[in-house]
Amino acid sequence: MREIKIDTEFIKLEQLMKFASMVQTGGEAKMLINQELVLVNGEICTQRGKKIRSGDEVEFDGETYKVK
């Protein structure tokens, strides 16, 4: 599990994916989210603008990212 530190109240899912280097571009994040390949707190998420807050977990490509 990798920990990702954010300094704001929340970060949008697609922004987090770029920030944590899960993807190179926002377009890539959008495509992967639409293909239901990203889980937030154990559930498939198709909302690229979903607000991710401290304590949330994002799973992608066999890796888990915990937001702090």
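This is a predicted model, so every value here is computed, not measured. (Residues numbered from 1 in each chain as written. Predicted model: local features only at pLDDT ≥ 70, side-chain atom pairs only at ≥ 80, totals over all residues. Heavy atoms only, no water.)

Draft legend 1. The packing of aromatic side chains, seen in detail. By the definition in use, this model includes zero aromatic pairs. A cation over an aromatic ring shows up here: Lys-51 above the ring of Phe-10, its NZ or CZ 4.7 Å from the ring centre. (Phe/Tyr/Trp six-rings, centres within 6.5 Å; stacked < 30°, edge-to-face > 60°. Lys NZ or Arg CZ within 6 Å of the ring centre and 35° of its normal.)

Draft legend 2. View of the pattern of salt bridges. Scanning the entire structure with this criterion turns up five salt bridges. Notably, a salt bridge pairs Glu-14 with Arg-48, separated by 3.6 Å at the nearest N-O pair. Here the residue Glu-14 occupies a position in helix α1 (residues 13-19), and Arg-48 occupies one in the loop between β4 (43-44) and β5 (51-53), the gap between them amounting to 34 residues. On the basis of relative accessibility, which here comes to 37%, the residue Arg-48 falls in the partly exposed class. (Salt bridge = Lys/Arg side-chain N within 4 Å of Asp/Glu carboxyl O. Helix = DSSP H or I, 4+ residues; strand = E, 2+ residues; numbered from the N terminus. Buried < 20%, exposed > 50% of the residue type's maximum accessible area, 1.4 Å probe, protein only.)

Draft legend 3. Structural view of the nonpolar core. Grouped together as the largest cluster of nonpolar side chains are 20 residues, with contacts concentrated most on Leu-13, Leu-16, Met-17, Met-22, Val-38, Ile-52 and Val-58. Secondary structure elements with two or more residues in this core: α1, α2 (26-34), β3 (38-40), β6 (57-60) and β7 (63-67). Ignoring any residue separated from it by four or fewer positions in sequence, one finds Val-38 in contact with Leu-13, Met-17, Leu-32, Ile-33, Glu-43, Ile-44, Cys-45, Val-58, Glu-59 and Phe-60. (Core = buried A, V, L, I, M, F, W, Y, C linked by side-chain atoms within 4.5 Å. Contact = heavy atoms within 4.5 Å.)

Draft legend 4. Representation of the pairing of β6 within the structure. The alternating pattern of β6 places Val-58 and Phe-60 on a buried face, while none of Glu-57 and Glu-59, on the opposite face, is buried. Examined bridge by bridge, β3 and β6 share three bridges and lie antiparallel to one another. Among the inter-strand pairings, Val-40 is bridged to a residue of β6, identified as Val-58. Pairing between β6 and β7: four bridges, direction antiparallel. (Pairing = 2+ DSSP bridges.)

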